[in-house]
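Chain by chain, the residues:
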Amino acid sequence: MSWNIFDIIGVVLDALDLLGSSSAPSWETKKTAKRKKSKYFVEWFSTFFTVTSLVLLFIVFKDPLLVQSPFQTICIAILIGIVFTFSCCFALYLLESFYFKSFLSMMFFCTSLILLSTASVLYLYIRSGLF
């Protein structure tokens, strides 16, 4: 009787398939359990970003800006915030973590991230004491 290596591998794989068969593979059940835990994780994160940015903007705008052209300062801060948000979202995309349940969820996350980064830039600009 001649033994073929492919026949042996086929028998071993069939045995492993019978031993490991269930209604759903374990990695699928873990994935669905993880999704059920964090159903509104992105929305809570976006809400936290928005509330934090509103607090920072209140701190910045409670007194008048002490710069010569506040419109230009705000426009530059918004552009810096958009660039920072783009780099964060691109990094999330490269890490394969940039996926959302709906388009509105993605827009809420990106808008809150733009608002937070813009508020942070304005806060650092005003509070730095250099200007």
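Participant: Looking at this structure, how should I read unusual backbone geometry?
Facilitator: Negative phi characterises most residues that are not glycine, and trans characterises most peptide bonds. Located in the positive-phi region is Glu96, a residue other than glycine, with phi close to 60°. By the secondary structure assignment, Glu96 is in the loop between helix H4 (70–94) and helix H5 (103–127). Judged by its relative accessible area of 67%, Glu96 falls in the exposed class.

Participant: Please explain the environment of Cys110 as it appears in this structure.
Facilitator: Its location among the elements puts Cys110 in helix H5. Dropping the residues within four chain positions of it, Cys110 is found in contact with Thr85, Cys89 and Phe98.

Participant: Honestly, the packing of aromatic side chains in this entry has me stumped. Any pointers?
Facilitator: The full count for this structure, using the stated rule, is 6 aromatic pairs. A ring pair is formed by Phe45 and Phe49, whose centres lie 4.9 Å apart and whose planes are at 65°; its orientation type is edge-to-face. Here Phe45 pairs with Phe49, and both are found in helix H3 (residues 41–61), just 4 residues apart, close to one helical turn. Judged by its relative accessible area of 37%, Phe45 is partly exposed. Taking the centre distance of 6.1 Å and the plane angle of 15° together, the rings of Phe86 and Phe90 count as stacked. Of this pair, Phe86 and Phe90 both sit in helix H4, 4 residues apart, which is roughly one turn of that helix. Connected via pairs of aromatic rings, a cluster forms that spans Phe45, Phe48, Phe49, Phe98, Phe100 and Phe109.

Participant: How should the packing of H4 against H5 be read in this particular structure?
Facilitator: Packed helices, taken two at a time, are described by the angle between their axes plus the distance between the axes. Between H4 and H5, the shortest axis-to-axis distance is 8 Å and the interhelical angle comes to 130°. Here H5 runs oblique to H4, going by the angle between their axes. Handedness of the crossing formed by H4 with H5: right-handed. Listed contacts from H5 to Thr73, Ile74, Ala77, Ile78, Ile80, Gly81, Ile82, Phe84, Thr85, Cys88, Cys89 and Leu92 of H4 are Phe109, Cys110, Leu113, Ile114, Ser117, Thr118, Val121, Leu122 and Tyr125. A class-by-class count of the residues in the contact of H4 with H5 yields 16 nonpolar, 5 polar and no charged.

Scoring rules and cut-offs
Residues numbered from 1 in each chain as written. Predicted model: local features only at pLDDT ≥ 70, side-chain atom pairs only at ≥ 80, totals over all residues. Heavy atoms only, no water. Helix = DSSP H or I, 4+ residues; strand = E, 2+ residues; numbered from the N terminus. Buried < 20%, exposed > 50% of the residue type's maximum accessible area, 1.4 Å probe, protein only. Contact = heavy atoms within 4.5 Å. Phe/Tyr/Trp six-rings, centres within 6.5 Å; stacked < 30°, edge-to-face > 60°. Axes fitted to C-alpha atoms, helices over the stretch in contact; angles between N-to-C directions. Parallel < 35°, antiparallel > 145°, perpendicular 65-115°, else oblique. Left-handed = near helix turned anticlockwise from the far one by under 90°. Nonpolar A, V, L, I, M, F, W, Y, C, P; charged D, E, K, R; others polar.

Any link to function would need more than the numbers given here.
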